[in-house]
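# A closer look at the structure
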Amino acid sequence: MSSGVPPLSGPPKPQAKGLNCPKCGAAIVLRSFGQAQTVVCASCHCILDAKDPNLAILQQFEAITRDVKPLIPLGTRGKLRGTDYEVIGFQRRHCKIEGITYYWHEYILFNPYKGIRYLSEYNGHWNDISICKTLPNVDRAFLDSPGASAGYLGESYKHFQTADANTDFVLGEFPWQVRVGEHAVVTDFVHPPRILSSEKMANEVTWSIGEYMYGPEIWECFKLPGTPPEPMGVFADQPSPVTTNVTGMWVTFAAFAVLLLALMAAFDTRAKKEPVLQQTYQYNRADAKSEASFVSDEFALGGGTSTVQVKTYAPVDNHWIYLNYALINLDTGQAWDFGRELSYYHGYDSDGSWSEGKQTDSVVIPSVPAGHYYLRVEPETDPSLPRIAYTVDVIRDVPVFGIYGIAFVALFLPALVISWRAYTFERSRWSESDHPPMQLSSSSGDDD
Amino acid sequence: MFRKFYLLYGLLTLSTAAFGQYRGWSLDAVNQLKNVPKSVRDNPGSYRSVYSGYHHYTGGK
């Protein structure tokens, strides 16, 4: 019945025509319908005119390396931010900065209703990129200055880098007349997690906006096998792991420090600092040979549980005195036992005069309940010291400032650690920019 | 999130400092003993200090 001969009357039936590379004959697949301007033969890497029914050859290039393989194969479909996309094109680009070549990959995604968007990948860092809907606001006169910025949709983007980007490998379909060796001046502005980029080619400037994505998100979107490459370093628009507002945290710290000072003042005012014993004792080695220890007069500690400070003064001069103390509660037999050494040495040598030690000492006994007490004292001295007078003061309810010191450090450390983490991350980010932190500091130094 | 944590942590730190001050905490190391005999008052030599036998610094540069 069907002989394959077209009927003689009526309109001709549309016929499907296979697309083949005019150079190598390999089958060409067009995924983006009429959107593609150029298509690249996957077999011989000829760049073909997708608008030409005969797929005219626009450029032939020798793939420098066959190792350039897209991490997301062409034709892969996935749901990106709720919309289905198909990967239709891939290109590798590079820029050369201070003799080092940096490569990155770009994927062209297509949805018949939403159009084209892009994914870029550099060292495991991904960006979801789309063309800007409105023209960003940028003052090109200050583009190379560290403070240069661009405004887009109410957000301010800081200038990060301007570089010459060159395309060195292409594959699949492109919505523009792509060529290997294509050159563009790319200027990036960042406002993490977004990056605003302008690409200047001949007489055309294209602005695009990208948002940072993590590799696992991409793998999840496209249901890719295996795991994404681990990101290396910090990317321009990578969000900082420190999500805390560092300035806000320092404000909170300052508020805490003020509260701590207020607390210190309040407790210092409230503290009784009540002297309960003041006695001067004489140590005489000749007398102490039998029994050196003795007890003080009895004294009362009133009020509630509080600190008790024992202060000692001994005019030691190139000598030491050691005092075994025990504060003993007459009623309960509870005792607080502690030893204190006072030593003071001084002299003169080739480095000049020197001294070490002190003639005074203070110890604070914690949480001593009210009651009747006495102090047992057992002195020991330097064998070369025959006699010495020393004074013992016992004061009840004294503030312990060390507690505030510890509290201050405890408040300060988390703020410091967070700030340091934020600082080192930002430093890594900007070290890859046209305005590295070292340059900023040295330029400000020059200004001085 | 961290700021909330820091706020709570800071308040806890201040409360602890205030409580410690109120309860008479100290940073000095003091040994506590119980049931010291009343006879020590009359015979101080019968008490054996925890810190006796301490090695003394006989220093100088």
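Here's what I pulled together on the structure shown here. Not measured: the values here are computed from a predicted model.

Here the focus is the overall build of chain A. Helices and strands together make up the secondary structure of chain A, namely four helices and 24 strands. Classification of the 448 residues of chain A by burial places 46% in the buried group. Accessible surface computed for chain A: about 23,000 Å², of which carbon and sulfur atoms make up 55%.

In many analyses, interface size is given as the accessible surface area lost on bringing the parts together. Taken together, the contacts link 64 residues of chain A with 45 residues of chain B. Where chain A packs against chain B, one counts zero salt bridges. Inspection of the chain A/chain B interface yields 22 residue pairs in polar contact (both at pLDDT 80 or more). Looking at side-chain class alone, the side of chain A that touches chain B contains 35 nonpolar, 16 polar and 13 charged residues. With three bridges connecting them, strand 20 (residues 335-349) of chain A and strand 1 (residues 31-33) of chain B associate as antiparallel partners. Considered in strand 1 of chain B, the bridge of Trp336(A) is made with Gln32(B).

Before going further, it helps to examine the environment of Asn35(B). Here Asn35(B) is to be found in the segment after strand 1. Taking relative accessible area as the criterion, Asn35(B) reaches 66% and is therefore assigned exposed. In this structure the C-alpha to C-alpha distance between Asn35(B) and Tyr6(B), which are 29 residues apart in sequence, comes to 44 Å. Look past the residues within four positions of Asn35(B) in its chain and what remains in contact with it is Thr332(A), Gly333(A) and Gln334(A).

Right, let's get into the packing of helix 2 (residues 246-270) of chain A against helix 1 (residues 2-23) of chain B. Two elements in contact, helix 2 of chain A and helix 1 of chain B, have axes whose closest approach is 11 Å; the angle formed by their N-to-C orientations is 10 degrees. When the interaxial angle is binned, helix 2 of chain A and helix 1 of chain B end up roughly parallel. Touching Gly248(A), Met249(A), Thr252(A), Phe253(A), Phe256(A), Leu259(A), Leu260(A), Leu263(A), Phe267(A) and Arg270(A) of helix 2 of chain A are Phe2(B), Arg3(B), Tyr6(B), Leu7(B), Gly10(B), Leu11(B), Leu14(B), Ala17(B), Ala18(B), Gln21(B) and Tyr22(B), all from helix 1 of chain B. Taken together, the residues that form the contact of helix 2 of chain A with helix 1 of chain B break down as 15 nonpolar, four polar and two charged.

Residues and elements named next belong to chain A. Under the criterion given, the structure shown has 14 salt bridges over all chains. A salt bridge links aspartate 168 to arginine 92; its shortest N-O distance comes to 3.0 Å. In this pair, aspartate 168 sits in strand 11 (residues 155-174) while arginine 92 sits in strand 5 (residues 83-97), placing the two residues 76 residues apart along the sequence. One connected set of salt bridges, linked through shared partners, spans Arg31, Arg77 and Glu86.

Our next topic: the side chain of Gln309(A). Residue and element names in this part refer to chain A. By the element assignment, glutamine 309 lies in strand 18 (residues 306-313). With a relative accessible area of 15%, glutamine 309 lands in the buried category. Reaching out from glutamine 309, the side chain makes a polar contact with the side chain of serine 362 at a distance of 2.8 Å. Ignoring sequence-local partners within four residues, the contact set of glutamine 309 consists of Ser362, Val363, Val364, Asp393, Val394, Ile395 and Val398.

Our focus in this paragraph is the pairing of strand 6 (residues 100-111) of chain A. All names here are of chain A. In this structure, strand 5 lies alongside strand 6, joined through 11 bridges in antiparallel fashion. When the sheet's bridge partners are listed, glycine 89 is paired in strand 6 with isoleucine 108. Remark: two residues form the turn of the hairpin made by strand 5 and strand 6, two consecutive strands paired antiparallel; glutamate 98 in that turn has positive phi of roughly 50 degrees. One ladder, built from seven bridges, connects strand 6 with strand 7 (residues 115-122); its direction is antiparallel. Bridging from a neighbouring strand, glutamate 106 pairs with serine 120 of strand 7. Remark: three residues form the turn of the hairpin made by strand 6 and strand 7, two consecutive strands paired antiparallel.

Turning next to the sheet that holds strand 18 of chain A. All names here are of chain A. Strand order in the open sheet made by the four strands is 15-24-18-22, with antiparallel pairing throughout. Looking along the sheet, the strands with just one partner apiece sit at the ends: strand 15 (274-284) and strand 22 (360-368). Put simply, the sheet's adjacent strands are angled 15 degrees from each other on average, direction ignored. Looking at chain direction, strand 18 and strand 22 are connected through seven bridges and run antiparallel. Each bridged residue has a counterpart across the sheet, and for threonine 312 the counterpart in strand 22 is aspartate 361.

Attention shifts here to helix 1 (residues 215-222) of chain A. Residues and elements named next belong to chain A. Gly215, Ile218, Trp219, Cys221 and Phe222 are the residues of helix 1 that are buried. Each buried residue of helix 1 sits inside an arc of 160 degrees when the element is viewed along its axis, so together they form one side. Residues Pro216 and Glu220 are exposed on helix 1 and point more than 90 degrees away from its buried face. For helix 1, the elements touching its buried residues are strand 4 (77-80), strand 5, strand 6, strand 7, strand 8 (125-131) and strand 14 (204-213). Just downstream of helix 1, lysine 223 is the residue with a positive phi angle, here 50 degrees.

About the cut-offs
Residues numbered from 1 in each chain as written. Chains lettered and ligands numbered in written order. Predicted model: local features only at pLDDT ≥ 70, side-chain atom pairs only at ≥ 80, totals over all residues. Heavy atoms only, no water. Helix = DSSP H or I, 4+ residues; strand = E, 2+ residues; numbered from the N terminus. Buried < 20%, exposed > 50% of the residue type's maximum accessible area, 1.4 Å probe, protein only. Areas by Shrake-Rupley, 256 points an atom, 1.4 Å probe, with all protein chains shown as cover. Contact = heavy atoms within 4.5 Å. Salt bridge = Lys/Arg side-chain N within 4 Å of Asp/Glu carboxyl O. Polar contact = N/O pair within 3.5 Å; in protein donor to acceptor, adjacent residues only side chain to side chain. Nonpolar A, V, L, I, M, F, W, Y, C, P; charged D, E, K, R; others polar. Pairing = 2+ DSSP bridges. Axes fitted to C-alpha atoms, helices over the stretch in contact; angles between N-to-C directions. Parallel < 35°, antiparallel > 145°, perpendicular 65-115°, else oblique. Arc of directions from axis to C-beta.

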